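Each chain, written out:
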Amino acid sequence: MTLKRLAASVFLLAASATSVWAFALKSPDIAPGGGPIAETFVYNGFGCAGGDLSPALSWSNPPAGTKSFALMVHDPDAPTGGAGFWHWIVYNIPASATGLPQGVGKDGKGLPAGALQVATDFGVPGYGGPCPPKGDKPHHYNFTVYALKTDKLDLPPHATASLAGFLINANSLGKASLTGTYGR
């Protein structure tokens, strides 16, 4: 084997190992690659009549040194003048957690011990599903789990999504995302 072929083989092996062991976020409720979000997970209000359940999420292979996790769900396509729309923020998820079960986002019951939710752009803490304006192109809903270098974020009781996002990003060791779409 030539040195060039050997180097190419090592590169391919390293690339495949990296993708196998990379921090990843998955959901049995949202198809990979931007699949459509089912009505079960759509908001119930503002003209939408979904079940408003948070989808089940699981993550694997967080970076070394992870002490806690945070989850942020954002619609960058919302017509808010550029800020998008925050649909769910959970923080202080213990490092031992590997996901969140379906439906825990409404009242927080069933979240891992110590995990807290921030008020979303709906004005209250907890999951609020997709509900883009009628006639808009389908919106993208980005679910992102962050591996954090701190055990706990000390957010004030009425923290905004922006403050939570600032502290989450400032303490992030890495992140994993998945995207679903929804239109009406």
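Rules used in this analysis
- Residues numbered from 1 in each chain as written.
- Predicted model: local features only at pLDDT ≥ 70, side-chain atom pairs only at ≥ 80, totals over all residues.
- Heavy atoms only, no water.
- Helix = DSSP H or I, 4+ residues; strand = E, 2+ residues; numbered from the N terminus.
- Buried < 20%, exposed > 50% of the residue type's maximum accessible area, 1.4 Å probe, protein only.
- Core = buried A, V, L, I, M, F, W, Y, C linked by side-chain atoms within 4.5 Å.
- Contact = heavy atoms within 4.5 Å.
- Phe/Tyr/Trp six-rings, centres within 6.5 Å; stacked < 30°, edge-to-face > 60°.
- Pairing = 2+ DSSP bridges.

Student: Help me out: how do you make sense of unusual backbone geometry in this one?
Tutor: Both trends apply: most residues other than glycine have a negative phi, and most peptide bonds are in trans. The backbone of Phe46 shows a phi angle near 55 degrees, a positive value even though the residue is not glycine. With respect to the helices, strands and loops of the structure, Phe46 is situated in the loop between β2 (44-45) and β3 (48-49). A residue is classified by how much of its surface remains accessible, and Phe46, at 63% relative accessible area, is exposed. Of note in the backbone geometry, Asp52 takes a positive phi value of approximately 55 degrees without being a glycine. Take Asp52: it is sitting in the loop between β3 and β4 (57-60). Given the relative accessible area of 7%, Asp52 is considered buried.

Student: So what exactly am I meant to see when it comes to the nonpolar core here?
Tutor: Side chains that are nonpolar tend, in soluble globular proteins, to be buried together. Counting 33 residues, the largest nonpolar core has Trp59, Leu71, Trp88, Ile93 and Phe143 as its most contacted members. Among the elements of the structure, β4, β5 (68-75), β6 (85-94), β9 (139-148) and β10 (172-182) are those that each provide at least two residues to this core.

Student: Please explain the side chain of Thr181 as it appears in this structure.
Tutor: Inspection of the secondary structure puts Thr181 in strand β10. In this structure, Thr181 is in contact with Gly34, Gly35, Pro36, Ile37, His139, His140 and Tyr141, ignoring residues within four places of it in sequence.

Student: I tried to follow the packing of aromatic side chains on my own but got confused; where do I start?
Tutor: With the rule as written, the count across this model stands at 7 aromatic pairs. With a centroid separation of 5.6 Å and 20 degrees between ring planes, the pair formed by Tyr43 and Phe46 is classed as stacked. Plain terms: the ring middles of Trp88 and Tyr127 are 5.5 Å apart, the flat faces sit at 80 degrees to each other, and that makes the pair edge-to-face. Of this pair, Trp88 sits in strand β6 while Tyr127 sits in the loop between β8 (116-117) and β9, and the two are 39 residues apart along the sequence. In this pair, the class of Trp88 matches that of Tyr127, namely buried. In this structure an aromatic cluster arises from ring pairing among Tyr43, Phe46, Phe85 and Phe122.

Student: I'm lost on the pairing of β5 in this one. Help?
Tutor: On any regular strand, side chains alternate: one points to one face of the sheet, the next to the other face. The element β5 is extensively covered by neighbouring structure, given that 8 of its 8 residues are classed as buried. Covered by surrounding structure in β5 are Ser68, Ala70, Met72 and His74 together with Phe69, Leu71, Val73 and Asp75, the residues of both alternating faces. With 7 bridges joining them, β5 and β9 adopt antiparallel strand pairing. Of the residues in β9, the one forming a bridge with His74 is Asn142.

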